[in-house]
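Observations on the three-dimensional arrangement
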Amino acid sequence: KNKAAGLVECGILLSVLLSVVIASCGIAGCGWIFRQFGAKGNTLTLVMSYMKIWFAFCVSGTLSGLGNSLLIAAGDAKRAAQMMMLGMIINAILDPAMIFGFGFIPAMGIKGAAWATVFSQSISAITVLSLVKVKHKLIRWEKIPLRRLFASWKTIIRFAVPATIGMLM
């Protein structure tokens, strides 16, 4: 259990680091990427207004998905499914409220859709990682020596790269 918790903590740190790198690349290349897909004019402007928010906060989606995978790995697939449903329900409620405005929430158009996604993923990430920490005790947030951190990252990458390639195929 201690070794698993150590890998989980190191994996979370690696995921956050990779999310920051991907977010930076995504923000920097957002216009170019979507122009390659044929977006131009107002469509490109709308896509970029959504994607810049999404890229800036993509770590919330990363942590939400990672937390759900951790719950499944811990044998708690039912709760993982419930957390995914929670995120979708929150997003479904926030989307129209933030796109069109509701009460004190101003209408934000497509930016509202991006913020609704970020908020729902953030709530889901906090909830699911709290479950992983409290119920399954797989997160302790103790100081991790650099040698152990890099060894854990090497182990994670050794399994993650082939698994990712397999999923892509």
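For the structure given in this document, a descriptive report is provided here. Remember, predicted model here, so these are calculated numbers, not experimental data.

1. A word on the overall build of the chain
For the chain, the count of helices and strands is 6 helices and 0 strands. With the C-alpha coordinates of the chain rotated into their principal frame, the extents come out at 50 × 35 × 30 Å. Among the 169 residues that make up the chain, the fraction classed as buried is 37%. Long-range pairs, those at least 24 residues apart, make up 72% of the contacts in the chain between residues at least 6 apart in sequence. Of the side chains in the chain, 17 bear a positive and 4 a negative charge, and the two mean positions are spaced by 7 Å.

2. Focus: the packing of helix H3 (residues 58-73) against helix H4 (residues 77-100)
Contact pair H3 / H4: the axes reach a minimum separation of 7 Å and the direction vectors enclose 160°. Between H3 and H4, the angle falls in the class roughly antiparallel. The handedness of the crossing between H3 and H4 comes out as left-handed. Residues Asn68, Leu71 and Ile72 of H3 touch H4, and the partners they reach there are Ala77, Arg79, Ala80, Met83 and Met84. For the contact of H3 with H4, the class distribution of residues is 6 nonpolar, 1 polar and 1 charged.

3. A few points about unusual backbone geometry
The backbone of Lys137 shows a phi angle near 55°, a positive value even though the residue is not glycine. Its place among the elements puts Lys137 in the loop between helix H5 (110-134) and helix H6 (146-168). Here Lys137 falls in the exposed class, since its relative accessible area comes to 54%. The phi angle at Trp141 is positive, at roughly 55°, despite the residue not being glycine. Turning to its location among the elements, Trp141 is positioned in the loop between H5 and H6. For Trp141, a relative accessible area of 46% translates into the label partly exposed.

4. Some remarks on the environment of Asn2
With respect to the secondary-structure elements, Asn2 resides in helix H1 (residues 2-36). Note: C-alpha distance between Asn2 and Leu14 (12 residues apart in sequence) is 18 Å.

5. A few points about the state of the cysteines
Within the structure shown, the criterion is met by 0 disulfides. With no disulfide of its own, Cys25 lies closest to Cys58 among cysteine sulfurs, the gap being 10 Å. Distance from the sulfur of Cys30, which forms no disulfide, to the nearest cysteine sulfur (Cys58) is 12 Å. Given the relative accessible area of 0%, Cys30 is considered buried.

Rules behind the numbers
- Residues numbered from 1 in each chain as written.
- Predicted model: local features only at pLDDT ≥ 70, side-chain atom pairs only at ≥ 80, totals over all residues.
- Heavy atoms only, no water.
- Helix = DSSP H or I, 4+ residues; strand = E, 2+ residues; numbered from the N terminus.
- Buried < 20%, exposed > 50% of the residue type's maximum accessible area, 1.4 Å probe, protein only.
- Contact = heavy atoms within 4.5 Å.
- Lys, Arg positive; Asp, Glu negative; His and termini not counted.
- Charge placed at Lys NZ, Arg CZ, Asp CG, Glu CD.
- Axes fitted to C-alpha atoms, helices over the stretch in contact; angles between N-to-C directions.
- Parallel < 35°, antiparallel > 145°, perpendicular 65-115°, else oblique.
- Left-handed = near helix turned anticlockwise from the far one by under 90°.
- Nonpolar A, V, L, I, M, F, W, Y, C, P; charged D, E, K, R; others polar.
- Disulfide = S-S within 2.5 Å.

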